Amino acid sequence: MTTATGPRPGVHDMAASLLSAAHRLQTLAARDSLTEEDLTEVLTLLNNAAYVFLYLEAIDDTTTAECFVPWQTRLFDDPDTNARLLTLLARTRCRDAAAEEIRRHAIAHLRETAGRDRTTSARLDTLVQQARHLLGEVQEDQTRLLDRLGAASAATPPAIAFYRLVASTRSAATREKLTRAWRQRRDTPLGALVKTIDEMVALRHEQAVAAGHASALAQSLENRGLPEASIEGFLQDFLTRAIAGTRQLEHEIRDIVGEDCGSRPLTHFGFAIGELAGRTKAPLFAWDACVAYISAVASKAFGLTLRPAPALTRDELPVLQVRSNSTEIGLLKLDLRPAAAGPAASPATATATAPALGPYGLPVAYVSVPLHREGRITFQEVQTLFHEFGHALHHVLVRKRMPSASGLDYLPADRLEHVSMWFEQWAHHPDLARHVCRTPQEADALRRCSILARLEHRAGLTETAALAALDFEIHRRRGTGLAVAFDRLDQRYGIGAHTDLGDFVAYFTWPIFIAKPGAYFANLTGAAAACAHVTRYQGIGLDDMPPDISLKLFAPSLDFLESSTLPDSAPLFRLYADTTLHALAAV
């Protein structure tokens, strides 16, 4: 846990891991030659380090991430180390064909890194910071609005505080007025933000072309992934289905709220939820029971054994050893942290005492466990825990690795979310109640939480689909600005009836949009594939599920040599169509 005297144990552990990786990488780079085993170790070291930064991004721990930037540079962007590794890899020959292909691609990656235009990269970083500064000013303005309304809370992000305020307001006219005031503040710097994002996109295209690609999107789609035309067709179908589903949800909201809910019924979604579900406090579930359940899912579905590792000290993180056929293949570290906390203490002091950690050749990943009272978590956090657990296990199971700052980077973009989305769906399986609920009342509350979560996902489907389509379009063709792309989608699909341009600008400052331009569609393909795979097991218990089924289902997500397949989104939309507001009233 984070204290006044220093960072939480998880931050110390990450600091130790990065320090250990940096020392070990320098040792390997100083050798006269590398074996195939050395190559595997180099890539595992870099991937484990990369996962730390992906993890900190996922939990929005910017304070720790900024303190770790020197290590990120030292591991991934040190010219001397990279030059030494490049020389060693050029001398190495691998007997295994797959390892030899990885070696050649690693050489190409290091050469591309060495030849990168650092002036363009620095300019891109500056633009990102400019956009984030403008968004910070928006948040400050919105916080002042909440202060005037008596709804601000230091422990609650402004957007969540505003949602709760609107949801608890009984007057439809007042809800509309509040939403207009909120959006007005959001859109004050909209012109400047759009201009900045357009400049960022232009620079990404420039970088991609310099690296030999037709566009930023083309660079993101390399490595045996889905063809651009197939993705475009998937997005068109998904967006059409999403808008149809949103219109149906708007009809349901009108049935509850009345016809006076204006042209944007989703403004009144939170109020409608409150009318049906009541305004009771969210239930909490034991974190260790949730981890035991999702570990049982992983064991059954992937043929693995996940067991707690013995703790050497009281402050050591809980660790799950992942075994396949009695062989240890990786570690999952559970980062127990406060659910509601201010900025983390600086981890800088951890560097001085960080021990060297091993084993060096094993993949290691972190899983966030945000704790409330008595070591319990909300259902929303259960979903997030299962999703991040999937990412962590994916990191352990992936068979081919690259020396990239984005971890699982060698897999095609369309495969990066399949495993995590699949695990997230197990938060909605009936068997969860048997593992985490102590009473029938808790089981009823869990079922209500599941319906609420799916309704919230359903309400956001059009925005998510439009975001993926915008991201795809602006990074596909040079010169296509964000506003122009929005107008085109509005003319073709009518997204302007359900979203505004201002809904999307902040997303393009997120690290995932910077690391993989145009590839946000992976969240949609991942969700579609997960629903198609999981729904077939909703009617049977975990004990009755066929063993090892997911190793076959997710073979393309574990090995880049496999072919990508385009998922069918129909099961996802059938699932959400069955999750209605009236179904919530029946619980």
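Residues numbered from 1 in each chain as written. Predicted model: local features only at pLDDT ≥ 70, side-chain atom pairs only at ≥ 80, totals over all residues. Heavy atoms only, no water.

1. With respect to the overall build of the chain
This is how the line gets drawn: Numbering of helices and strands starts at the N terminus; helices are DSSP runs of H or I of at least 4 residues and strands are runs of E of at least 2. Based on C-alpha atoms, the radius of gyration is set beside the globule rule, defined as 2.2 Å times the residue count to the power 0.38. When accessible area is computed with a 1.4 Å probe and restricted to protein chains, residues below 20% of their type maximum are described as buried, those above 50% as exposed, and intermediate ones as partly exposed. Residues are treated as being in contact if the distance between any of their heavy atoms lies within 4.5 Å. Surface exposure here means Shrake-Rupley accessible area, sampled with a 1.4 Å probe, where a residue is shielded only by the protein chains that are shown.
A count of helices and strands for the chain gives 27 helices and 6 strands. By the compact-globule yardstick of 25 Å for 587 residues, the chain fits well, its C-alpha radius of gyration being 24 Å. Overall, the chain is about 75 × 55 × 50 Å in size when its C-alpha atoms are taken along their principal axes. Burial analysis of the chain (587 residues in total) assigns 55% to the buried set. Of the contacts formed within the chain by residues at least 6 apart in sequence, a portion of 77% connects residues at least 24 apart. Accessible surface, the chain: about 25500 Å² in total, of which carbon and sulfur atoms supply 52%.

2. Here we look at the sheet that holds strand S4 (residues 327-338)
Note the following rule: DSSP bridges decide pairing: two strands pair if at least two such bridges lie between them. Inter-axis angles, ranging from 0 to 180 degrees, are taken between N-to-C directions of lines fitted to C-alpha atoms, where helices are fitted over the stretch in contact.
As summarised here, the arrangement of the 4 strands in space is S2-S3-S4-S5, forming an open sheet in which the pairing is mixed. Both outer strands of the open sheet, strand S2 (305-308) and strand S5 (364-371), are each paired with one neighbouring strand and no more. This sheet shows a mean twist of 25 degrees between the axes of neighbouring strands, independent of strand direction. Both strand S3 (residues 319-324) and S4 contribute to a ladder of 6 bridges, which runs antiparallel. The residue bridging glutamine 321 from the neighbouring strand is leucine 331, located in S4. Set on the sheet, helix H2 (residues 36-58) makes contact with S4 and S5; between it and S5 the angle comes to about 25 degrees. In the packing of helix H14 (residues 287-302) onto the sheet, the strands contacted are S2, S3, S4 and S5, and the crossing angle to S2 comes to about 155 degrees.

3. A short note on the packing of aromatic side chains
The relative placement of two aromatic rings is captured by the distance of their centres and the angle of their planes. Convention followed: Note on aromatic pairs: the rings of Phe, Tyr and Trp (six-membered ring only in Trp) are paired at centre separations within 6.5 Å, and the planes decide the class, stacked below 30 degrees, edge-to-face beyond 60, tilted for the rest. Lysine NZ or arginine CZ positioned within 6 Å of the ring centre and within 35 degrees of the ring normal marks a charge as sitting over the ring.
Per the counting criterion, the structure on display carries 17 aromatic pairs. Note on tyrosine 55 and tyrosine 366: the rings are 5.9 Å apart at their centroids and 35 degrees apart in plane angle, and the pair reads as tilted. Pair noted here: tyrosine 55 is in helix H2 and tyrosine 366 is in strand S5, with a separation of 311 residues, a long-range link. Neither residue differs from the other here; tyrosine 55 and tyrosine 366 are each classed as buried. Taken together, Phe302, Phe389, Trp422, Phe423 and Trp426 form an aromatic cluster joined through their ring pairs. Over the face of the ring belonging to phenylalanine 271 we find arginine 175, whose NZ or CZ atom lies 3.9 Å from the ring centre.

4. Description of the nonpolar core
The criterion, for reference: Among buried residues, the Ala, Val, Leu, Ile, Met, Phe, Trp, Tyr and Cys ones that are joined through side-chain atoms within 4.5 Å form a nonpolar core.
Ranked by size, the top nonpolar core spans 148 residues in total, and within it Phe68, Phe302, Leu332, Leu393, Trp422, Phe423 and Trp426 carry the most contacts. Counting residues in each nonpolar core, the second largest holds 15 residues, with Ile253, Phe271, Leu581 and Leu584 among its members.

5. A word on empty space enclosed by the protein
Spelled out, the test is: The pocket and cavity definitions rest on a 1 Å grid over protein atoms only: a 1.4 Å probe that fits but cannot leave marks a cavity, an open set with protein on both sides within 12 Å along at least five of seven lines marks a pocket, and residues lining either have an atom within 4 Å of a point. Grid points are joined across faces, edges and corners, and a volume is the space filled by probe spheres set on the points. Amino acids are sorted into nonpolar (Ala, Val, Leu, Ile, Met, Phe, Trp, Tyr, Cys and Pro), charged (Asp, Glu, Lys and Arg) and polar (every other residue, Gly among them).
Per the stated rule, a full pass over the model turns up 2 cavities of 30 Å³ or more. Computed from the structure, the largest cavity encloses a volume of approximately 50 Å³. Considering the residues around the largest cavity, the lining is formed by 10 residues, among which Val42, Leu43, Leu85, Leu89 and Leu110 are closest to the centre. Secondary structure elements with two or more residues in the lining of the largest cavity: H2, helix H5 (79-91) and helix H6 (97-114). Element by element, the count of residues in the lining of the largest cavity is highest for H2, at 4 residues. When the residues that make up the lining of the largest cavity are grouped by side-chain class, the tally is 10 nonpolar, no polar and no charged. Of all the secondary structure elements, the ones that give two or more residues to the lining of the second largest cavity are helix H1 (9-29) and helix H4 (69-76). Broken down by element, the residue count for the lining of the second largest cavity peaks at 3 residues, all from H1.

6. Topic: the confidence of the model for the chain
Here is the rule we go by: Here pLDDT means the predictor's own confidence in every residue, given as a number from 0 to 100.
Across the chain, the average pLDDT comes to 86, with 91% of residues at or above 70. Long-range and interchain partners of residues 402-407, a stretch whose pLDDT sits below 50, account for 24 contacts in this model, where long-range means more than four residues apart.

7. Details of the pattern of salt bridges
This is how it is decided: Salt bridges are defined by distance alone: a side-chain nitrogen of Lys or Arg within 4 Å of a carboxyl oxygen of Asp or Glu.
Inspection of every chain in the model, using the stated rule, returns 25 salt bridges. Between aspartate 141 and arginine 144 there is a salt bridge, with the nearest N and O atoms lying 3.7 Å from each other. Of this pair, aspartate 141 and arginine 144 both sit in helix H7 (residues 118-149), separated by 3 residues, roughly a single helical turn. We classify arginine 144 as partly exposed; its relative accessible area is 43%. A salt bridge links arginine 186 to aspartate 503; the nearest nitrogen and oxygen atoms lie 2.5 Å apart. Of this pair, arginine 186 sits in helix H9 (residues 172-186) while aspartate 503 sits in the loop between helix H21 (482-493) and helix H22 (511-515), and the two are 317 residues apart along the sequence.

8. Concerning the pairing of S5
Counting buried positions along S5 yields 8 of 8 residues, so the element is predominantly enclosed. The pairing of S4 with S5 spans 8 bridges and is parallel. In the sheet register, leucine 334 faces S5, and the bridge partner there is valine 367.

9. A few points about the pairing of S3
Pairing of S2 with S3, which is carried by 4 bridges, proceeds in the antiparallel orientation. Each residue of the ladder has a partner; that of leucine 306, found in S3, is valine 322. Counting the residues between successive antiparallel strands, the hairpin from S3 to S4 contains 2 residues, one of them, asparagine 325, with a positive phi of roughly 55 degrees.

10. Regarding the packing of helix H12 (residues 228-257) against helix H23 (residues 522-534)
Axis angle and axis distance: for two packed helices, these are the angle between their axes and the distance between the axes, and together they describe the pair. Basically, it comes down to this: We call two directions roughly parallel when the angle between them is under 35 degrees, roughly antiparallel when it is over 145, roughly perpendicular when it lies between 65 and 115, and oblique otherwise.
For the pair H12 and H23, the least separation of the axes is 11 Å and the interaxial angle reads 70 degrees. By the criterion of interaxial angle, the relationship of H12 to H23 is roughly perpendicular. For the pair H12 and H23, the contacting residues are Phe234, Leu235 and Phe238 in the first and Leu524, Thr525 and Ala528 in the second. When grouped by side-chain class, the residues that make up the contact of H12 with H23 number 5 nonpolar, 1 polar and no charged.

11. Digging into H23
Put simply, the rule reads: A helix is expected to span 1.5 Å multiplied by its residue count minus one.
With 13 residues, H23 should cover 18 Å at 1.5 Å per step; its first-to-last C-alpha distance of 18 Å lies within 8% of that length. Counting buried positions over the 13 residues of H23 gives 12, a clear majority of the element.

12. Examining the environment of alanine 466
With respect to the element layout, alanine 466 can be found in helix H20 (residues 461-474). As for alanine 466 and isoleucine 495, which are separated by 29 residues in sequence, their C-alpha atoms are 7.3 Å apart. In this view, alanine 466 contacts Leu239, Leu489, Ile495 and Phe504; residues no more than four positions away in its chain are not counted.

13. A few points about the side chain of aspartate 471
Let me state the cut-off plainly: Counted as positive: Lys and Arg. Counted as negative: Asp and Glu. His and the chain ends are not counted at all.
Within the element layout of this structure, aspartate 471 appears in helix H20. Buried and unpaired, aspartate 471 has no salt bridge, with arginine 204 as the nearest side chain of opposite charge at 6.2 Å. The residues contacting aspartate 471, other than those within four sequence positions of it, are Phe508, Phe513, Pro517, Gly518, Ala519 and Tyr520.

14. Let's talk about the environment of leucine 320
Tracing the backbone through its elements, the reader meets leucine 320 in strand S3. Taking the C-alpha atoms as reference points, leucine 320 and arginine 307, separated by 13 residues in sequence, lie 5.3 Å from one another. In contact with leucine 320, not counting residues within four places along its chain, are Val291, Ser295, Leu306, Arg307, Pro308, Gly330, Leu331, Leu332 and Phe389.

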